[in-house]
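Results of the structural survey
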Amino acid sequence: MKYRIKIGRTVFANPVLAASGTFGFGLKFPGVANRIGGIVTKGITVEPREGSPLPRIYEFPGGILNSVGLENPGVRRFRKEILPELRRLKCRVIVNIAGFSIDEFIELVDGLDYKRVDGFELNLSCPNVKNGGVTFGQSPRMVERITKAVRKSTNKTLIVKLTGNFIDPLKTAKAAEQGGADAVCLINTLFGMALDESGRHFLGGRTGGISGPCLKPFALFCVERVASKMTIPVIGCGGIMSGMDAIDFLSAGATMVQVGTASLVNPKASLAVWQALGDWCRRHEVKDWEDIVGRTKRQD
Amino acid sequence: MWIEQPILATHVKPGQFLNIKVSSEPDPLLRRPISVADVTGEKVRLVFRVVGRGTELLSRNRAGDIVDVLGPLGKPAMIFRNRDIIVCGGGVGAAPLLYLTRYLDKCSRVEVFLGARNRSQLILVADFRKLGIKPEIATDDGSMGWHGPVTEPVFRAVQKKKRPIVMACGPKPMLVDLVAKVDPVPVWGFVEQRMGCGVGICYCCGLRRKNGGYIRLCQEGPVVLLNEVEL
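These remarks concern the structure in this document. Every value quoted in this text rests on a predicted model; they were computed, and no experiment measured them.

**Thoughts on the environment of B:Ala138**
Residue position: B:Ala138 is located in strand 9 (residues 136-139). Along the chain, B:Ala138 and B:Arg117 lie 21 residues apart, while their C-alpha atoms are 8.5 Å from each other.

In structure tokens, the structure reads:
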């Protein structure tokens, strides 16, 4: 079986990606990065951001809550210090970009027009920033405008990472499709918060984003809802901890998957997911991804 | 608790920690960072206090059990040569200082101060003695040694030395008090923080620098120059 998958102009060796924000820039674990489909970098903004106050992470049965607040060195330092390092990686590199205006998105894309950057993931779903992020992602109109503007500026592969927070992802996914995206990624973290014993917000950023195993049923639902009604591929993300979780997402209609929180528990998790997925395919004599992708709907 | 792992035991340096999956179940999901207290032969020693579910589950391990360990992680502590080092531990904070002292004692002049709420909360005193060091004790209730905070005798010791360095581990209030008391003497401290991955990819274990921005504790720590950060 051929495991390769093409999205936009990018050919991925297999359908497993390391999700943004949970794998840094992929440089700590090149052995993992080089053997999965590719990595999505931590979100990059135009200006450097120091991120949310502490604490930034809270654990609960079923998942975690985080508010890192897009801490990153900004596009200039990323270009100067991180991009040259990324040339050591052999895998596909998708840069997650988070603008706070349409102009900023264009500035980010223009500033990252390098061969090493295989594509962009538009972050229209970060719940931990005051403007931009999820506020953009909750408006189908904004999703379409931003996607369209970025599409005009680059012919690199374009993925739009969407939210499931208080908006029907089908509407925003359609908007991304209209705007010229090559794929959508569903879903980013969901709004959440935790309190301490005295009733104060636990996280320094007050609210955060829920991720981990508890997200999977909702993410799976979103993927199924969107995938069958789109012409562009859907990348499934949310609570994937094992190869079987990945198969569930493919069955629900996702063409690729992203492994996020699992990497925090085990930095090799995305590779483990890919190996388990590959093994499963061999065991079940899968000939083509088409046999699995979207099979749930076909069996209804 | 002892973990037998020859490669780990050879490579782990004082100041480093292990990130341990305390349960094979998905809950608790995240690993628990535990500092290395000592190394003997092929065994790594961990000493921790049960404070929550994670450490409680970890404490349930029995001899012969297999644990899922990621490490050694973090930056090794600075091993200063030919200096006067004051080692200050509070409560269970004495643990990582034992392994550190084993290294420091070979190349510097070391004095150890251990404090706790009371006599029963003091740990590893005998282990320090085995290194040939007699730790000065302080307890909040006076049940052993100096009656009062350990930072008091540390302060007096620091004053007698020329260009001393303090290396400390303990509860946050102790560290804050220590830095203020011995100022401007450099205090290197083991800092505890909610941690996500432990390997520098999630940016959750930040520590705020006094001159702005955050450092990742799992990368630039867990032993940091406390004078430069906000605790």
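**Some words on the sheet that holds strand 9 of chain B**
Residues and elements named next belong to chain B. If you trace the seven strands from one edge of the open sheet to the other, you get 10-9-8-7-11-12-15, paired in mixed fashion. For this open sheet the edge positions go to strand 10 (146-147) and strand 15 (223-225), each flanked by a neighbour on one side alone. Here strand 7 (residues 84-90) runs beside strand 11 (residues 165-169); their pairing, made up of five bridges, is parallel. Paired with Ile 85 across the strands is Ile 165, a residue of strand 11.

**Let's talk about the pairing of strand 14 (residues 256-259) of chain A**
Residues and elements named next belong to chain A. Along strand 14, one buried face is formed by Met 256 and Gln 258 and the opposite face, lined by Val 257 and Val 259, is buried too. With three bridges joining them, strand 3 (residues 16-18) and strand 14 adopt parallel strand pairing. Paired with Val 16 across the strands is Val 257, a residue of strand 14. Looking at chain direction, strand 13 (residues 234-237) and strand 14 are connected through three bridges and run parallel. Residue pairing across strands places Gly 236 opposite Val 257, the latter belonging to strand 14. In the classification by handedness, the crossover that spans strand 13, the intervening helix 8 (residues 243-252) and the parallel strand 14 is right-handed.

**Focus: the packing of aromatic side chains**
All told, the structure shown has ten aromatic pairs over all chains when counted by the stated rule. When the centroid spacing of 6.0 Å and the interplanar angle of 55 degrees are considered together, the rings of B:Phe80 and B:Trp188 count as tilted. Highlighted residues: B:Phe80 in the loop between strand 6 (68-73) and strand 7 and B:Trp188 in strand 12 (residues 187-190), separated in sequence by 108 residues. Pair check on accessibility: B:Phe80 and B:Trp188 agree, each one buried. Members of the aromatic cluster, each reached through a chain of ring pairs, are A:Tyr3, A:Trp274 and A:Trp289.

**Things to note about the pattern of salt bridges**
Evaluation of the coordinates by the stated rule reveals 25 salt bridges over all chains. Where A:Glu59 meets B:Arg32, a salt bridge forms, and the shortest distance between an N and an O atom there is 2.7 Å. On the criterion of chain membership, the pair formed by A:Glu59 in strand 5 (residues 57-60) and B:Arg32 in strand 3 (residues 32-35) is interchain, its members lying in two chains. The class of A:Glu59 is buried, set by a relative accessible area of 19%. Between B:Arg53 and B:Asp27 there is a salt bridge; the shortest N-O distance is 3.3 Å. Here B:Arg53 is found in helix 2 (residues 53-59), whereas its partner B:Asp27 is found in the loop between strand 2 (17-21) and strand 3, with 26 residues between them in sequence. Note on B:Arg53: relative accessible area 46%, which makes it partly exposed.

About the cut-offs
- Residues numbered from 1 in each chain as written.
- Chains lettered and ligands numbered in written order.
- Predicted model: local features only at pLDDT ≥ 70, side-chain atom pairs only at ≥ 80, totals over all residues.
- Heavy atoms only, no water.
- Helix = DSSP H or I, 4+ residues; strand = E, 2+ residues; numbered from the N terminus.
- Pairing = 2+ DSSP bridges.
- Buried < 20%, exposed > 50% of the residue type's maximum accessible area, 1.4 Å probe, protein only.
- Right-handed = clockwise from strand over helix to strand, strands pointing away.
- Phe/Tyr/Trp six-rings, centres within 6.5 Å; stacked < 30°, edge-to-face > 60°.
- Salt bridge = Lys/Arg side-chain N within 4 Å of Asp/Glu carboxyl O.

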